[in-house]
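The lines below spell out each chain.
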Amino acid sequence: MFKKILIANRGEIACRIIRACREMGIASVAVFSEADRAGLHVQMADQAVGIGPPPAVESYLDTDRIVAAARATGAEAIHPGYGFLAENPEFSRRCEKEGIVFIGPNSRALELVGDKVRARQTMEKAGIPIIPGMKRIAAELSEYAAEAKKIGYPVMIKASAGGGGKGMRVVYTEEDLRPGLEAGQREAKSAFGDESVYLEKYIENPRHVEFQVLADNDGRIVHLFERECSIQRRHQKIVEETPSPALTPELRQRMGEAAKKVLEVAGYNNAGTVEFLLDKNREFYFLEVNARLQVEHPVTELTTGVDLVQQQIRIAAGEKLALNQEDLSQRGHAIECRIYAEDPAGGFLPSSGKILFLKEPKGPGVRHDGGIYSGWDVPIYYDPILAKLIVWAETREAACRRILSAMDDYIILGIKTNISFLKDIISHPSFLEGATTTGFIKSHFEGWEDKEGPEETLMLALAAAAFFDSQRTREAGVPPLRGKEAFSPWRALGKWRIGEKSD
Ligand code: MV4
C-alpha cells in the first residue's frame, strides 16, 4: 500500500479523499493555489504545497507543478478527485512515465471514452444499446442531411470531443440543420479544439440513470447499482438519489450487466460511471463513461456500504478487487443535495464572500461532505460547490423527509446559497412521486421565487442562533434551557415554523 498520496484538487472532494487516506494510514499531501491558502483541505492534510496563482490553469491544472509537488514530498500516487485533471489522458500518461501512480483509469481507456464517436463504435460492436445515429464523422452537409433523414427528426448534434452537455443542440427540421451544424462545429472547436460533430436521434425528456462500476487491474469488474441524476439545471446536477424510482429489479440487472460490459470492452480500470439515458418506454441507451470519482458517489456508499475512495486507492495500489457481485446489494434509499454558493433568486449568479456562520446538520442517517468553515472566504475562481448534504433512510419517503428536515437545520450566513431552492425541489409533489426526468427543473421551476419568509423573522432567528451557538461554544457552558432569561433561538424558530407566536 502507498505511504503517501498527493491530492490534486481542492474543496469538499479533497477533504473527502484526505479522510480516506487517514483511515487507511496513508499520509496526505494537499496542493493549494494562492486563493486557497486558508482552505479546509490545506488544514486537514498532513502536508500542503503551494502550486501557484488563483486561476486553475496556473495551479490545479498545471501538471508540471503538481508532479513537482509529488516529487518534492515523496508522494507515490496522485488522486485527481473530479474536474481539473481527473479525465485528462495526457496527465495519466505523464504520471505513468514519471513512475507516479495515477489513481484512476489508464491513459488508453481515458482516450477511448473521451472520444464519443469511437466509444459509440466500440459499444455497438459489444452489443450495448446506443442511441440511433451516426457512428462516424461526416465530411459534408449532404451526408449529415442524409443521416438526419434516416434517423428521423428531431436530431441532436453532439461534439465528438464533448460530454456533459457542452456543444449540444436539437434540430427539428431540415432547414435548421445547416445553421445548427455550423454553430455546433464552431462551439466544439472553441470548447474542445476539435470541430467534429455527429448526429443522434433526439430523445425527449429522458431520465439520466448512471451505474457505478469498479474494475481492478486484472479485469475483475463489479457494479454498485445506479444513481438517478435527472434533476439538473443547465447540465449541472443538483439532486441525486439511489435507487432510481424508474428501475425494476429486472431492468437494473440488465443495465448493471451492460455497464460492466462497457468497462470490459474499454479495457478500463479503477472507478468509473456508465451513463445511460432512459426513454419514456424504459428503453436504455449508453451515453458516455465518466472516468472519475463522481460528485454524487456518496449515495452509492450509503446504500451499498462500500467506501469508493478506499476502493480506488486499493485498486491503484494493485490489489485484487475484494468485492463479489453476489455479495453486493442496495439497502434503503439515499438522496444527495448539492449546496452551491449561488443566488437562485438572482439568476443563479455565483455568490462569493465570507462565511459568517455555519451550522451543519447532523443526526441519524445524515452525512455532510463539506469543504467550508465559519470565517472562510469563498473564492470566486472555482466551481461554486460548497458542500453536499446526503441522507440515508429505509424508504424514499423517509429519505425525503430526512433531507428536508436536515436542510431546515442547515444555516449558512454571509453568502447566498441554493438551499431554499433545494427544499422546494424535494417538497415538490412531482419529486415526491418520483417523476424525476431531465425536464423537471424547466417544467416546474422556471421563474422560481424564494417564498421562504417572512425573511426578517427568519434572519433574526438565524442571527440569534449564530450568536447563541458561538457563545455557548466559547464558554463551554450550557445556558439554562428553561426559564424566562433563557431565550432559545431554536425554540423561537421552531415556534415560528409551526405557526405559534414566540414569547
Ligand atoms: C441526449 C439527450 C436527448 N437525446 N442525447 C446531456 C448531457 C450529455 N451527457 C448528454 N445529454 C443529453 N443527450 C440524445 N440523443 C438529452 C440529453 C440531456 C440530458 C441528459 C442527461 C441529463 C440531463 C440532460 C438534460 C438535457 C439534455
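Residues numbered from 1 in each chain as written. Predicted model: local features only at pLDDT ≥ 70, side-chain atom pairs only at ≥ 80, totals over all residues. Heavy atoms only, no water.

Engineer: Looking at this structure, I do not really get the side chain of Glu200. What am I missing?
Structural biologist: Relative to the helices and strands, Glu200 resides in strand S8 (residues 197–201). Of the residues examined, Glu200 reaches a relative accessible area of 4% and is grouped as buried. Here Tyr198 takes part through its side chain, which lies 3.5 Å from a polar atom of the side chain of Glu200. Look past the residues within four positions of Glu200 in its chain and what remains in contact with it is Arg120, Ile131, Pro132, Gly133, Ile151, Val155, Met156 and Lys158. (Helix = DSSP H or I, 4+ residues; strand = E, 2+ residues; numbered from the N terminus. Buried < 20%, exposed > 50% of the residue type's maximum accessible area, 1.4 Å probe, protein only. Polar contact = N/O pair within 3.5 Å; in protein donor to acceptor, adjacent residues only side chain to side chain. Contact = heavy atoms within 4.5 Å.)

Engineer: I tried to follow the sheet that holds strand S5 (residues 101–102) on my own but got confused; where do I start?
Structural biologist: Hydrogen bonds between backbone groups are what pair the strands of a sheet, and the pairing can be parallel or antiparallel. Read from one edge to the other, the open sheet built from five strands follows the order S3-S2-S1-S4-S5, with strand pairing classed as parallel. Two strands bound the open sheet, and with one partner strand each, they are strand S3 (47–50) and S5. The pairing of strand S4 (residues 77–79) with S5 spans two bridges and is parallel. Counted as the bridge partner of Ile78 is Phe102 from S5. With respect to the sheet, helix H3 (residues 63–73) is in contact with strand S1 (4–7), strand S2 (27–32), S3 and S4, its orientation differing from that of S1 by roughly 155 degrees. (Pairing = 2+ DSSP bridges. Axes fitted to C-alpha atoms, helices over the stretch in contact; angles between N-to-C directions.)

Engineer: Is there a simple way to think about the site of the ligand in this case?
Structural biologist: Around the ligand, the structure places 18 residues, and the nearest of them are Lys158, Glu200, Lys201, Ile203 and Glu288. Ile203 is positioned with one of its backbone polar atoms (N or O) 2.9 Å from a nitrogen atom of the ligand. Coverage of the ligand by the protein chains reaches 90% of its 520 Å² of free accessible surface. Only strand S6 (155–159), S8, strand S12 (270–278) and strand S13 (284–290) provide two or more residues apiece to the shell around the ligand. Taken together, the residues of the shell around the ligand sort by class into seven nonpolar, six polar and five charged. Counting the residues that make up the shell around the ligand, at least three belong to each of domain 2 (132–201) and domain 3 (207–445). (Near = heavy atom within 4 Å. Areas by Shrake-Rupley, 256 points an atom, 1.4 Å probe, with all protein chains shown as cover. Nonpolar A, V, L, I, M, F, W, Y, C, P; charged D, E, K, R; others polar. Domains from an automatic or database assignment.)

Engineer: Can you help me understand the sheet that holds strand S19 (residues 366–370) in this one?
Structural biologist: Strand order in this open sheet of eight strands is S13-S12-S9-S10-S11-S14-S21-S19, and the pairing throughout is antiparallel. The outermost strands of the open sheet, each flanked by one partner alone, are S13 and S19. Neighbour-to-neighbour, the strand axes of this sheet turn through a mean angle of 25 degrees, independent of strand direction. Inspection of the sheet shows strand S14 (residues 333–340) paired to strand S21 (residues 385–393) by eight bridges, in the antiparallel sense. Note on S21: the bridge partner recorded for Ile339 is Ala387. Those strands touched by helix H12 (residues 396–408) are strand S11 (236–242), S14, S19 and S21, and its axis lies near 140 degrees from that of S21.

Engineer: How should I be thinking about the packing of H3 against helix H4 (residues 89–98) in this particular structure?
Structural biologist: Axes are the key here: two packed helices are described by the angle between their axes and the distance separating the axes. Orientation of H3 relative to H4, taken along the N-to-C sense of each, is 35 degrees, at an axis distance of 11 Å. Judged by the sense of rotation from one axis to the other, the crossing of H3 with H4 is right-handed. Across the interface between the two elements, Thr63, Asp64, Ile66, Val67 and Arg71 of H3 pack against Phe91, Arg94 and Glu98 of H4. Looking at the contact of H3 with H4 residue by residue, the class counts come to three nonpolar, one polar and four charged. (Left-handed = near helix turned anticlockwise from the far one by under 90°.)

Engineer: Looking at this structure, how should I read the packing of aromatic side chains?
Structural biologist: For any two aromatic rings, the description comes down to two numbers: the centre-to-centre distance and the angle of the planes. A complete count under the given rule lists 14 aromatic pairs for this structure. Arranged with centres 6.1 Å apart and planes meeting at 80 degrees, the rings of Phe211 and Phe276 form a pair that is edge-to-face. One end of the pair, Phe211, is in strand S9 (residues 207–215); the other, Phe276, is in strand S12, with 65 residues separating them in the sequence. The burial state of Phe211 is the same as that of Phe276; both residues are buried. Where Phe421 meets Phe445, the ring centres are 5.5 Å apart and the plane angle is 85 degrees; that geometry is what we call edge-to-face. With Phe421 in helix H13 (residues 419–426) and Phe445 in helix H15 (residues 440–445), this residue pair connects regions lying 24 residues apart in the sequence. Owing to a relative accessible area of 1%, Phe421 belongs among the buried residues under this scheme. Every member of this aromatic cluster is reached through a ring pair, and the members are Phe348, Phe421, Phe431, Phe440, Phe445 and Trp448. When the ring centre of Phe348 is taken as reference, the NZ or CZ atom of Arg233 above it lies at 3.7 Å. The cationic tip of Arg396 hangs over the ring face of Phe431; the distance from NZ or CZ to the ring centre is 4.6 Å. (Phe/Tyr/Trp six-rings, centres within 6.5 Å; stacked < 30°, edge-to-face > 60°. Lys NZ or Arg CZ within 6 Å of the ring centre and 35° of its normal.)

Engineer: Would you explain the nonpolar core in this entry?
Structural biologist: Counting residues in hydrophobic clusters, the biggest one holds 51 residues, and the most contacted among them are Leu6, Ile78, Met255, Leu263, Phe276 and Phe286. Here this core gets six residues from one element, more than from any other, and that element is helix H9 (residues 249–265). Residue assignment places this core across two domains, with domain 1 (4–103) and domain 3 (207–445) each supplying three or more. Setting aside anything within four residues of it in sequence, one finds Leu6 in contact with Val29, Val31, Ile66, Ala69, Ala70, Ala75, Ala77, Ile78 and His79. In terms of nonpolar packing, the next biggest core, distinct from the first, is built from 37 residues, Cys15, Ile17, Ile26 and Ile315 among them. (Core = buried A, V, L, I, M, F, W, Y, C linked by side-chain atoms within 4.5 Å.)

Engineer: Got a minute to help me understand the domain arrangement of the protein in this structure?
Structural biologist: How big an interface is tends to be stated in terms of accessible area lost as the parts join. Assigned domains within the protein: domain 1 (4–103), domain 2 (132–201), domain 3 (207–445) and domain 4 (466–503). Each of domain 2 and domain 3 was reduced to a C-alpha centroid, and the two centroids are 30 Å apart. Every contact between the two is made by six residues of domain 2 and, on the other side, four residues of domain 3. Summed over both sides, the interface between domain 2 and domain 3 buries roughly 310 Å², with carbon and sulfur atoms accounting for 57% of that surface. (Buried area = accessible area lost by both parts, 1.4 Å probe.)

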